[in-house]
Amino acid sequence: MTDLPPTSGAAAGDLDVRLLDGAPSIPASLVRGLATAPGRPGARGSLPGHRLVQTGVEQDLRRLADYCELTGSVLGDRVPATWLHVLTFPLQVALMAGRDFPFPMLGMVHVANTMTQHRPVTVAETLALSSWAERMAPHRKGTTVDLVGEARVGDQVVWEGRSTYLVRGAGSQAPAEQSRPAEEAPPVEEPPARSTTELAQWRLPADLGRRYARVAGDANPIHLTALTAKALGFPRAIAHGMWTHARALSALGPRVPESYVVDVQFAKPVLLPSTVVLRGDLGEGSARLAVTSRDGSRTHLSMQVNGL
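All of the points below concern the structure found in this document. The structure presented is a predicted model; accordingly, all values stated were derived computationally and were not measured.

Here we come to the packing of aromatic side chains. When we look at a pair of aromatic rings, we describe it by the centre distance and by the angle of the planes. Across all of its chains, the model carries four aromatic pairs by this definition. Seen from their ring centres, Y67 and W83 are 5.6 Å apart, and the 55° between their planes marks the pair as tilted. Here the residue Y67 occupies a position in helix α3 (residues 61-71), and W83 occupies one in helix α4 (residues 81-97), the gap between them amounting to 16 residues. Here the two residues Y67 and W83 agree in accessibility, since each one is buried. Taking the centre distance of 6.1 Å and the plane angle of 70° together, the rings of F101 and F103 count as edge-to-face. What makes F101 buried here is its relative accessible area of 0%. Residue classification places F103 among the buried positions, given a relative accessible area of 1%. Ring pairing ties together the aromatic residues Y67, W83 and Y212, which thus form one cluster.

Written out as structure tokens, the structure reads:
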């Protein structure tokens, strides 16, 4: 019998475990989620009462190399924190595709992300991954919900991630028992004031979304082509927020501490193709960054990195 990893949070500890044989297929989950979208209860419903667990996960070095090349990361023994998000992302999508998830996936917007890197993780380490949903909360534009990921090596939590999604107009109130638990859900507001110091400039090609989708598996139509993006209300395809996250974090290079927390807010989408600028202030064991339009009038992403 496979030993299941314990959980680090009280909310996760109360959930049933569903042990998976392998990583869920993201395309299959997307199809299932779209097919079962009608009739979901929205904020009147409750979040799934289980967490998905995948054990014995061996990392794919070739795929990691492609990921590092695309995101500007250095391929080495230690893997980027955002790579661990990529590994847990199929579990997130499978949770959202389930019939017991209250919101339809189409229209959910990834508005914030927090990752905690407890220690460096090497590509040779075998991982136990898990994911669950928690903290449904009312928001001035609808409702937010968090999809949480966790990576363990043995019994040690080595990485945690929290992706906050906004469901616009999804009812004015979440259920009282889930709206504001003891650890209060963070507000999703406008990004904080940013530095004007320019650190880098990146030209993003029109096919960036398709290239990232091939490596990370996130094949949301808004990222793939102008045609599919227009069908969903965007003038052109947009870059994946997690690509922008990974590219900004990798730009710090060796300045990133071995153990740290990185908080990100996603603001205006990055239309493809385009040129964006990385701006920021770098401190000892910390950094405050923003990805903006070339003229600085639009903020696409704001990031705060702090060593533990």
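Per the stated rule, a full pass over the model turns up seven salt bridges. For R162, the salt bridge goes to E134, with nearest N and O atoms at 2.8 Å. Taken together, the residues span a long stretch of sequence, with R162 in strand β6 (residues 156-168) and E134 in strand β4 (residues 127-139) at a distance of 28 residues. Accessibility assignment for this pair places R162 and E134 in one class, buried. Note that D281 is salt-bridged to R288, the shortest N-O span being 2.8 Å. Take R288: its relative accessible area is 31%, and that puts it in the partly exposed class. Taken together, the salt bridges that share partners define one network made up of E134, R135, D146 and R162.

The next point concerns the sheet that holds strand β1 (residues 16-20). For sheets, the rule is that strands pair by backbone hydrogen bonds, running either parallel or antiparallel. Spatially, the 11 strands line up as an open sheet ordered β1-β2-β4-β5-β6-β3-β8-β11-β10-β9-β7, and their pairing is mixed. Sheet topology places β1 and β7 (198-204) at the edges, where each strand pairs with a single neighbour. Across the sheet, the axes of successive neighbouring strands diverge by a mean angle of 20°, strand direction being ignored. As defined by bridge partners, strand β3 (residues 108-117) adjoins strand β8 (residues 260-266) across six bridges and the pair is classed as antiparallel. Looking at the pairing, M115 lines up with V262 of β8. Its contacts with the sheet put α4 on β1, β2 (50-57), β3, β4, β5 (142-153), β6 and β8, and the angle it makes with β4 is roughly 65°.

So, on to unusual backbone geometry. Residue L272 is joined to P273 through a cis peptide bond whose omega torsion reads -5°. Within the element layout of this structure, P273 appears in the loop between β8 and β9 (274-283). We note that R135 has phi near 55°; this positive angle belongs to a residue other than glycine. Relative to the assigned elements, R135 resides in strand β4.

Criteria and cut-off values
- Residues numbered from 1 in each chain as written.
- Predicted model: local features only at pLDDT ≥ 70, side-chain atom pairs only at ≥ 80, totals over all residues.
- Heavy atoms only, no water.
- Phe/Tyr/Trp six-rings, centres within 6.5 Å; stacked < 30°, edge-to-face > 60°.
- Helix = DSSP H or I, 4+ residues; strand = E, 2+ residues; numbered from the N terminus.
- Buried < 20%, exposed > 50% of the residue type's maximum accessible area, 1.4 Å probe, protein only.
- Salt bridge = Lys/Arg side-chain N within 4 Å of Asp/Glu carboxyl O.
- Pairing = 2+ DSSP bridges.
- Axes fitted to C-alpha atoms, helices over the stretch in contact; angles between N-to-C directions.
- Contact = heavy atoms within 4.5 Å.

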